[in-house]
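Examination of the molecular architecture
Residues per chain, in single letters:
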Amino acid sequence: MGKLLELKDLNVYYGAIHAIKGISLEVNQGEIVTLIGANGAGKSTTLRTISGLLKPKSGTITFAGNNIAGSKAHEIVHSGISQVPEGRRIFAEMSVMENLDLGAFTRKDKEGIKADIKHVFELFPRLEERKDQIAGTLSGGEQQMLAMGRALMSRPKLLLLDEPSMGLAPLLIKEIFNIIVDINKAGTTVLLVEQNANMALSIANRAYVLETGRITLSGDARKLAASEDVRKAYLGG
Ligand SMILES: Nc1ncnc2c1ncn2[C@@H]1O[C@H](COP(=O)(O)OP(=O)(O)O)[C@@H](O)[C@H]1O
Ligand SMILES: [Mg+2]
């Protein structure tokens, strides 16, 4: 298992606010790694920096051997990283199909795109049933599925998921998390950001705990789930 992504001593600011304070982490090929932490810890900031929406003040982001810190967002998508943003942010006025087509903007291989739409519909049969529906009229869970499907349409090597469980009922969260496991089994490496530490630790190989911009704990996901410190702080006892 080679290293696919490595962050080293990353510092990110919003003006004078030091949001990410020298974090280092790595994601190996084939893993599901989760970054857990409370609201405001810096999880989304970390993902937005990896995907090129924010520029780090210092530190390196190495993806598949290249330093991508400071690269433009579309170049990063081309290199094989796709992000599902917090709060889904699908194109509400467009149909399900149009959203998926837009996810393939980096590609020209029509046959491959067709095959991948088929694959997305296998992962999310509900999207196929609703392929002509206007995306803004989908339920929250369906919008999450669409956002994930759209992200997969660029055929990423690494999928970044920002709180996919947010605002969803427990059964639906289970369904979404099962699909994350399926996506991973089909060959996509996953970096999963979550406040729902219980669910995230249940599917991840390894985990990092983020507290106000610093990584305070890391290790095997099952060991962290069993740890007294993590249980007290994040798992409700
Ligand atoms: N656009 C912004 N401008 C200024 N501060 C921000 C902005 N976005 C986030 N922050 C601050 O950065 C910190 C980390 O936020 P964020 O990464 O969104 O946390 P999380 O995703 O873990 O909830 C918080 O203190 C937040 O208030
Ligand atoms: Mg967030």
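Up top is the structure these notes are about.
Since the structure is predicted, the reported quantities are computational estimates derived from the model, not experimental observations.

It is worth spelling out helix H7 (residues 170-185) at this point. The terminal C-alpha atoms of H7, which comprises 16 residues, lie 23 Å apart, in line with the 22 Å expected from a rise of 1.5 Å per residue. Among the residues of H7, Leu172, Ile173, Ile176, Phe177, Ile179, Ile180, Ile183 and Asn184 are the ones counted as buried. Relative to the axis of H7, the buried residues are bounded by an arc of 155° and lie together on one face. Exposed side of H7, more than 90 degrees from the buried face: Pro170, Leu171, Lys174 and Lys185 are the residues found there. Within two residues after H7, Gly187 carries a phi angle of roughly 120°, on the positive side.

Bringing the coordination of the magnesium ion (ligand 2) into the picture now. By definition of the ideal shapes, four donors in a tetrahedron about a metal sit 109.5 degrees apart, and six donors in an octahedron sit 90 or 180 degrees apart. Protein-derived ligands of the magnesium ion (ligand 2) are Ser44 (OG) and Glu86 (OE), with the metal-ligand distances lying across 2.0 to 2.1 Å. Of this pair, Ser44 sits in helix H1 (residues 43-50) while Glu86 sits in the loop between strand E6 (81-84) and helix H3 (96-103), and the two are 42 residues apart along the sequence. Accessibility expressed as a relative area gives 12% for Ser44, which makes it buried. We classify Glu86 as partly exposed; its relative accessible area is 30%.

This next bit is on the pattern of salt bridges. Tallied over the entire structure, the rule returns 12 salt bridges. With its nearest N and O atoms 3.9 Å apart, the salt bridge here joins Glu26 to Lys3. Here Lys3 lies in strand E1 (residues 3-14) and Glu26 lies in strand E2 (residues 17-28), a separation of 23 residues in the sequence. Lys3 gets classed as partly exposed once you look at its relative accessible area, which sits at 47%. For Arg107, the salt bridge goes to Asp109, with nearest N and O atoms at 3.0 Å. What makes Asp109 partly exposed here is its relative accessible area of 35%. Overlapping salt bridges bring together Arg126, Glu129, Arg130, Glu142 and Glu175 as one network.

As a further point, take the site of ligand 1. Every residue near ligand 1 is listed here: Tyr14, Ile17, Ala19, Ala38, Asn39, Gly40, Ala41, Gly42, Lys43, Ser44, Thr45 and Arg48. In the model, an oxygen atom of ligand 1 is placed 3.2 Å from a nitrogen or oxygen of the Ala41 main chain. Between ligand 1 and Lys43 there is a distance of 2.8 Å, counted from an oxygen atom to a side-chain nitrogen or oxygen. Compared with its free state, where it exposes 560 Å², ligand 1 has 62% of that area covered by protein. Of all the secondary structure elements, the ones that give two or more residues to the shell around ligand 1 are E2 and H1.

Quick notes on the rules
- Residues numbered from 1 in each chain as written.
- Chains lettered and ligands numbered in written order.
- Predicted model: local features only at pLDDT ≥ 70, side-chain atom pairs only at ≥ 80, totals over all residues.
- Heavy atoms only, no water.
- Helix = DSSP H or I, 4+ residues; strand = E, 2+ residues; numbered from the N terminus.
- Expected span 1.5 Å × (residues − 1).
- Buried < 20%, exposed > 50% of the residue type's maximum accessible area, 1.4 Å probe, protein only.
- Arc of directions from axis to C-beta.
- Donors = N, O, S within 2.8 Å, 3.2 Å for Na, K, Ca; no water.
- Salt bridge = Lys/Arg side-chain N within 4 Å of Asp/Glu carboxyl O.
- Near = heavy atom within 4 Å.
- Polar contact = N/O pair within 3.5 Å; in protein donor to acceptor, adjacent residues only side chain to side chain.
- Areas by Shrake-Rupley, 256 points an atom, 1.4 Å probe, with all protein chains shown as cover.

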